[in-house]
Amino acid sequence: MNHIKAAVLWPGTDRLSIETLELENPREGEVLVKIVASGICHSDMVLRDASITTRPVVLGHEGAGIIEQVGPGVSGFKPGDRVAMSYANCGDCPSCQSEKPAYCFNFVGLNFTGRRPDGSTSLSKDGKTIGSHICGQSAFASHAICPQGGIVKVDDSVPLELVAPFGCGFQTGAGAVLNALKVPKNSSVMVLGAGAVGLSAVMAAAYIAGATTVIAVDRHQSRLDRALTVGATHAVQGASANFVVEVGEICPLGVDYVFDTTAYLPLVEQCIPLLGIQGSLCLVAAYPLDAKLSFPVSAFTTGGRTIRGTMGGDSDIQRFIPRLLDYHRQGLFPVEKLVRYYDFDEINLAIDDSERGETIKAVVRMPT
Ligand SMILES: [Zn+2]
Ligand SMILES: [Zn+2]
């Protein structure tokens, strides 16, 4: 049993409360990680507001840190290893067996309920159970217990405080471009939303895939300005009445690939007629369960267009996170331009700044 600091979400409030909790020792197949930093992702707010996640709970799913202890049956990891933390997967289902752990058949139960499959948690306070294991980590804490399938070793060439958001936001945006749609060279790409996921997609399209036209769309001018510094060739106001005309002038034959990271469906519907022949729309955001799109079906038959979704950028974390870190080292994925750091005790401010759109990627640093 260990005493740790964690930001707890209690029932009846949206504010996180930093408290001392008890953390179990790792069980079979788990490791105990001392967390160095944890990114804040929009999905944390979705889980905060979702009924599937039982409170009290510790959120946070973009952790990075150093292994302190390994449980029984763990192979390939040892104390002292530097790791990026990402979502849990069962390792056994058809998706996991075919290197698509983002589509694990047991994904929801393993990642969103705040419980292990046997119903237990690793966290408690004065005997009261606190939800853990959110996305295989619950990383708004000084320490976390993680299943070994959700962590990946990283070398020391990138600081862990920058590694943290690779576990969700950065790999989701880049993976949508590189894994899900496999954007080819010289294509045209439009990314809706210039937040962390959207700008990761912009960088991947412009610098890694070699797209020649990369249009960023957002309501906030500051985010559009940022997009132009990370590879976007054009920036268009999504709220403008001229939106469709402006995009049509940039791509008279239509856009090859459109990625939605906003979950703002009226904007997505405006983009469907802007898709070129054999163009593709990729849905990347966290959509409300009852969200529906309305569009002319014939556009998808006559023009051979496609529409598809992606979870976590189709990433196989064991391969994709090291690959992205390598792109970062080569200067092709300059995510440091998106990050603002906060101390752990400023976590509510970091969430507020993220929700207001003032910070693109907030990362909280744990006290040393
Ligand atoms: Zn996330
Ligand atoms: Zn699985």
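Here the structure is a predicted model, which is why all the values come from computation and not from measurement. Residue positions are counted from 1 within each chain, in the order its sequence is given. Key to labels: chains lettered from A, ligands numbered from 1, both in the order written. Only residues with pLDDT of 70 or above have their local features reported here, since the model is predicted, and side-chain atom pairs are shown and tallied only from 80 upward, although totals for entire chains, interfaces and linings are computed over all residues.

**Q** I keep staring at unusual backbone geometry and nothing clicks. Help me out?
**A** Trans is the common state for peptide bonds, and a negative phi is the common state for residues other than glycine. Of note, the amide linkage connecting arginine 55 to proline 56 takes the cis form, showing an omega dihedral of -5°. Strands are runs of DSSP state E lasting at least two residues, helices are runs of H or I lasting at least four, and both sets are numbered from the N terminus onward. In this structure, proline 56 sits in the loop between helix H1 (42-48) and strand E4 (57-58). With phi around 50°, cysteine 135 is a residue other than glycine that occupies positive phi space. Mapped onto the fold, cysteine 135 is located in the loop between strand E8 (128-130) and strand E9 (143-147). Positioned with a positive phi, aspartate 314 is a non-glycine residue whose angle comes to about 55°. Considering the arrangement of structural elements, one finds aspartate 314 in the loop between strand E16 (306-309) and helix H11 (317-329).

**Q** Just checking my understanding: could you explain the domain arrangement of the chain for this structure?
**A** Interface size is commonly expressed as the accessible area that is lost once the parts come together. Either an automatic procedure or a domain database provided the assignment from which the domain bounds are taken. By the assigned domains, the chain splits into domain 1 (2-167 + 334-365) and domain 2 (173-312). For domain 1 versus domain 2, the distance between C-alpha centres works out to 29 Å. If you look at the interface, domain 1 gives 14 residues, while domain 2 gives 13 residues. Of the residues forming the side of domain 1 that touches domain 2, the biggest block, 3 residues, is contributed by H1. Throughout this entry, Asp, Glu, Lys and Arg are counted as charged residues, while Ala, Val, Leu, Ile, Met, Phe, Trp, Tyr, Cys and Pro are counted as nonpolar. The remaining residues, Gly among them, count as polar. The residue inventory of the side of domain 1 that touches domain 2, partitioned by class, reads 9 nonpolar, 3 polar and 2 charged. By definition, residues are in contact whenever their C-beta atoms, placed on the basis of the backbone, come within 7 Å of each other.

**Q** Teacher, can you tell me more about the pairing of E9 here?
**A** The two faces of a sheet get side chains in turn, since along a regular strand they alternate between them. Residues with at least 20 other C-beta atoms within 10 Å of their own are called buried, those with 12 or fewer are called exposed, and the rest are partly exposed. The C-beta atoms themselves are positioned from the backbone. Burial of E9 is extensive: 5 of the 5 residues sit out of reach of the surface. Alternating residues of E9 divide into His143, Ile145 and Pro147 and Ala144 and Cys146, and every residue in both groups is buried. Pairing of strand E3 (residues 30-39) with E9 involves 5 bridges; the strand directions are antiparallel. Residue pairing for E9: valine 33 is matched across the bridge by alanine 144. A strand pair is defined by DSSP finding two or more bridges across the two strands.

**Q** Hey, could you run me through the nonpolar core in this one?
**A** One broad trend across soluble globular proteins is that nonpolar side chains are buried collectively. Residues Val58, Val177, Met190, Ala201, Val202, Ala205 and Phe259 are the most contacted members of the largest nonpolar core, which totals 114 residues. The element best represented in this core is helix H6 (residues 196-209), accounting for 10 residues. Mapped onto the domain boundaries, this core takes at least three residues apiece from domain 1 (2-167 + 334-365) and domain 2 (173-312). Apart from residues lying up to four places away in sequence, alanine 201 is in contact with Gly173, Ala174, Ala176, Val177, Val191, Phe259 and Thr261. Core membership is restricted to buried Ala, Val, Leu, Ile, Met, Phe, Trp, Tyr and Cys residues, and these are joined into a nonpolar core through C-beta atoms within 7 Å.

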